[in-house]
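# Secondary and tertiary structure notes
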Amino acid sequence: MAPAGGLVLQFGHGVFLRGHIDWMLQQSRERDLWSGRVLGVKLRASSGPFPLATHPAYPMTVRGMSGGKAVEASSDIDVVEGWCDPHTAGGWREFLATAREPQVDAIMSNSTEAGITYVAISNRPTDECPPSFPAKLAAWLAARHEASLDGGGGIVSVLPLGRSKQRQQQWR
């Protein structure tokens, strides 16, 4: 049986996503359990350079215990094929175009409260990139719906991975 493929849209580039989610996808790929790829999506506009845009692969070192023994393993994480910046002139159209790609089967986000805060907008979110994560996701889902992907290719799982400040306090 061939490994499952697909394209994962990953909102954000935080340590949790890169150190856990991307690492797990990399491990799945190396074990021939998954043959997909990841496209990163910047959550916020920034004026400074974004190093991951030109160098999406990165080294990773995992240290811990296994079977009562200390272990350390280093590898390169290269499941992220590139980054889309929807806050740029052509980036918003590029982002919405991914909604028409049937291979997109998962969306992951590690957006925090700052990213999911309601922000009123005066335009239709398909015209230009809205500031909040929920509006970006809603615009993408609307574009996906409008694409009318037949043959079962339109199914997508949305996996929110963040924890609220209240939840973080409960975990301490």
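Note that the structure is a prediction, hence the values are computed from the model and not measured.

This brings us to the nonpolar core. Leu 9, Phe 11, Phe 95, Ile 107 and Trp 140 are the most contacted members of the largest nonpolar core, which has 20 residues in total. Within the residue set of this core, elements represented by two or more residues are β1 (7-11), β2 (37-41), α3 (91-97), β6 (104-109) and α5 (133-147). Sorting elements by how many residues they give to this core places α5 first, with 5 residues. Those residues in contact with Ile 107 that lie beyond four places of it in its chain are Leu 9, Phe 11, Leu 137, Trp 140, Val 156, Ser 157, Val 158 and Leu 159. Core analysis: the second largest hydrophobic core is formed by 15 residues, Leu 17, Tyr 58, Val 80 and Met 108 among them.

Time to look at the sheet that holds β6. Taken together, 5 strands build an open sheet; the order of strands is β5-β2-β1-β6-β7 and the sheet is parallel. The two strands at the open ends of the sheet, each matched to only one other strand, are β5 (80-84) and β7 (157-160). Ignoring which end each strand starts from, the neighbouring axes of this sheet average 20° apart. In this sheet, β5 lies alongside β2 in parallel orientation, the contact comprising 4 bridges. Bridge pairing in β5 places Leu 39 opposite Gly 82. Helix-sheet contacts for α5 involve β1, β6 and β7, and the interaxial angle to β6 is about 175°.

What follows deals with unusual backbone geometry. The residue Asp 32 is not glycine, and still its phi comes out positive at about 60°. Note that Asp 32 resides in the loop between α1 (15-30) and β2. When its relative accessible area of 58% is taken as the criterion, Asp 32 is described as exposed.

What follows covers α1. For α1, which comprises 16 residues, the first-to-last C-alpha distance of 21 Å matches the rise-based estimate of 22 Å (1.5 Å per residue) to within 8%. Residues of α1 that are buried: Leu 17, Gly 19, Ile 21, Asp 22, Leu 25, Gln 26 and Gln 27. Structurally, α1 contributes buried residues whose contacts are with β1, β2, β3 (58-66), β4 (69-77), β5 and β6.

Basis of the calculations
- Residues numbered from 1 in each chain as written.
- Predicted model: local features only at pLDDT ≥ 70, side-chain atom pairs only at ≥ 80, totals over all residues.
- Heavy atoms only, no water.
- Core = buried A, V, L, I, M, F, W, Y, C linked by side-chain atoms within 4.5 Å.
- Buried < 20%, exposed > 50% of the residue type's maximum accessible area, 1.4 Å probe, protein only.
- Helix = DSSP H or I, 4+ residues; strand = E, 2+ residues; numbered from the N terminus.
- Contact = heavy atoms within 4.5 Å.
- Pairing = 2+ DSSP bridges.
- Axes fitted to C-alpha atoms, helices over the stretch in contact; angles between N-to-C directions.
- Expected span 1.5 Å × (residues − 1).

Read these as layout, nothing more, since geometry by itself doesn't imply function.
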